[in-house]
Amino acid sequence: MGALGGMGDALQNIGGTLRLFGCRFDPSGRFLFATAQDNTIQRFDLVTGAKVSLLGHAGWARGMAVRAVALPRAADTDRLLARSAARGGAIGPATLGAPAPPADPFTLISADYHGKLIWWDGAAATPVPIRTVEAHAGWCRAVALSRDGATLASCGNDGLVKLWDAVTGAPRRTLEGHPAHVYNVAFHPSGTRLVSADLMGGVKDWDTTTGACVRDLDARVMHKYDPTFRADIGGARGMAIAPDGRVAYAGITNVSNAFAGVGNPLVLVFDWADGKPKPLKPKDAFQGTAWGVGFLADGTVIAAGGGNGGRVWFWQGDDANSVHTITIAAHVRDLAVYPTGDRFAVACATGAAVVYRVPSK
């Protein structure tokens, strides 16, 4: 299987006992942020091993986006992490044999259950809220940054997608048209297009310069109305766009019990040119939901899920079935790909966050 053959060695297993919901790396790869059940955001320093709690949200937060303020020293951080891994995975300046370099400045923007957006100085010794914006009526489920870092997009249970100045937090535009809760948003690499996805499996492609919906894409296979519980279940639990424009959408299908979330994980990858989805399925039998999705540096699609345990799946080329699987004992609730695309992290219901390296060919 080439690059995937030796996968599965964890760099770090970090965190406490609180359930984790989401995870994101900073632009340099120095820090991993994870949102927790106690309304905090946990920041893990992957070089020194230090952990800091960010206090400011009054409800669960899952959506996070990071904005670089200066050019990241990703190569330096990679060397430090590689030296750490070579010494058995231990972390900290003493183990590395050199003082940790100063962190590159960046901004973290997080979204919570009460519809609030909070801006943080992500590299500060103890980050505190520097700006709070009342963004949505109800849960603000996800946020995303444009490629140039100038525009922030948010979405929520009010059925709206909103655009903001990523630096000042000033509102720019509201995009209306979704008939239900909007679960996720992602910017196209062009910088002028935005994709959003709702509970009912509707996916909209927006022109951010005009606010017009250019087209609707079909992900209704990821939605089910359960008449027994009179409840809808579905939505993009994870979304990512590759540099070539492919849109990956992760969620649940074949639902037989909406209350318990009984179904099968599924990833849809939309071709940007024709808008047609390609379904990607785990090769193994698994009940649960795909909660996070991304693209590795070589174009491999990666997704993580939870249900009866946790899994990480990988798809390559034209194969619709996963070509590699990592089994994790804990329920996995999110996945983040490292800035250089050669590592990834998962956030688990046990409170652990695990960072993996993808071996080179």
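Figured I'd write up the structure that's included with this text. (Residues numbered from 1 in each chain as written. Predicted model: local features only at pLDDT ≥ 70, side-chain atom pairs only at ≥ 80, totals over all residues. Heavy atoms only, no water.)

Attention shifts here to the overall build of the protein chain. Of regular secondary structure, the protein chain possesses 2 helices and 30 strands. Within the protein chain, buried positions represent 55% of all 361 residues. Looking at the protein chain alone, contacts between residues at least 24 apart form 50% of all its contacts between residues at least 6 apart. When the accessible surface of the protein chain is totalled, it reaches about 14300 Å², and 52% of it is carbon and sulfur. (Helix = DSSP H or I, 4+ residues; strand = E, 2+ residues; numbered from the N terminus. Buried < 20%, exposed > 50% of the residue type's maximum accessible area, 1.4 Å probe, protein only. Contact = heavy atoms within 4.5 Å. Areas by Shrake-Rupley, 256 points an atom, 1.4 Å probe, with all protein chains shown as cover.)

One pass over the structure, following the stated rule, counts 12 salt bridges. As a salt-bridge pair, Glu 134 and Lys 116 come within 3.4 Å of each other at their nearest N and O atoms. Separated by 18 residues along the polypeptide, Glu 134 in strand β9 (residues 129-134) and Lys 116 in strand β8 (residues 116-121) bring together distant segments of the chain. Two residues, Arg 343 and Asp 342, come together in a salt bridge whose shortest N-O distance is 3.7 Å. Through salt bridges with shared partners, a single network forms among Arg 24, Arg 62 and Asp 334. (Salt bridge = Lys/Arg side-chain N within 4 Å of Asp/Glu carboxyl O.)

Let's shift gears to the pairing of strand β20 (residues 238-241). Neither face of β20 is open: one carries Gly 238 and Ala 240, the other Met 239 and Ile 241, and all of them are buried. As defined by bridge partners, β20 adjoins strand β21 (residues 247-257) across 4 bridges and the pair is classed as antiparallel. When the sheet's bridge partners are listed, Gly 238 is paired in β21 with Ala 250. What sits between β20 and β21 in their antiparallel hairpin is a turn of 5 residues, with Gly 245 showing a positive phi close to 100°. (Pairing = 2+ DSSP bridges.)

Across the sheet, 4 strands lie side by side as β1-β30-β29-β28; this open sheet has antiparallel pairing. Each having just a single partner strand, β1 (10-14) and β28 (332-337) make up the two edges of the open sheet. Looking at each pair of strands side by side, their axes are set apart by 15° on average, direction ignored. Across 4 bridges, β1 lies against strand β30 (residues 353-357) in antiparallel orientation. Residue Ala 10 lies in a different strand from β30, and its bridge partner there is Tyr 356. (Axes fitted to C-alpha atoms, helices over the stretch in contact; angles between N-to-C directions.)

The next thing to look at is the sheet that holds strand β3 (residues 31-36). Spatially, 4 strands are ordered β2-β3-β4-β5 in an open sheet, and the strand pairing comes out antiparallel. On the outer flanks of this sheet lie β2 (20-25) and β5 (51-54), each paired with one strand and no other. Strand-to-strand twist in this sheet, taken as the mean axis angle between neighbours without regard to direction, amounts to 20°. Note that strand β4 (residues 41-45) and β5 share 4 bridges and pair antiparallel. Counterpart to Arg 43 in the pairing with β5 is Val 52.

Another point: unusual backbone geometry. With a phi angle near 50°, Arg 230 is a residue other than glycine that sits in the positive phi range. Looking at the element boundaries, Arg 230 is found in the loop between β18 (223-226) and β19 (231-234). Here the phi dihedral of Asn 254 falls at roughly 55°; this positive angle occurs in a residue that is not glycine. Examined against the element boundaries, Asn 254 turns out to sit in strand β21.

With respect to the helices and strands, Asp 334 occurs in strand β28. For Asp 334, the side chain forms a polar contact with the main-chain nitrogen of Cys 23, separated by 3.0 Å. What Asp 334 contacts, discounting residues up to four positions off in sequence, is Phe 21, Gly 22, Cys 23, Arg 24, Arg 62, Trp 291, Gly 292, Ala 304, Ala 345, Val 346 and Ala 347. (Polar contact = N/O pair within 3.5 Å; in protein donor to acceptor, adjacent residues only side chain to side chain.)

Scanning all chains against the criterion turns up 10 aromatic pairs. Where Phe 229 meets Phe 259, the ring centres are 5.5 Å apart and the plane angle is 20°; that geometry is what we call stacked. Here Phe 229, found in the loop between β18 and β19, pairs with Phe 259, found in the loop between β21 and β22 (262-270); they are 30 residues apart in sequence, far enough to count as distant. Residue Phe 229 is classed as partly exposed on the basis of its relative accessible area of 38%. Relative to Tyr 356, the ring of Phe 344 has its centre 5.1 Å away and its plane inclined at 15°; by these criteria the two rings are stacked. You can see Phe 344 sitting in strand β29 (residues 343-348) and its partner Tyr 356 sitting in strand β30, a full 12 residues away along the chain. Residue Phe 344 shares its accessibility class with Tyr 356, and that shared class is buried. Among the aromatic residues, those joined into a cluster by ring pairs are Phe 31, Phe 33 and Phe 106. Over the ring of Trp 119 we find Arg 131, and its NZ or CZ is 5.5 Å from the ring centre. A cation sits over an aromatic face here: Arg 343 above Tyr 338, 4.9 Å from the ring centre. (Phe/Tyr/Trp six-rings, centres within 6.5 Å; stacked < 30°, edge-to-face > 60°. Lys NZ or Arg CZ within 6 Å of the ring centre and 35° of its normal.)

Mapping Thr 168 onto the fold places it in the loop between β12 (161-165) and β13 (171-175). Residue Thr 168 is classed as partly exposed on the basis of its relative accessible area of 43%. Separated by 49 residues in sequence, Thr 168 and Trp 119 place their C-alpha atoms 9.4 Å apart. Polar contacts involving the side chain of Thr 168 include one to the main-chain amide nitrogen of Ala 170, which spans 3.2 Å.

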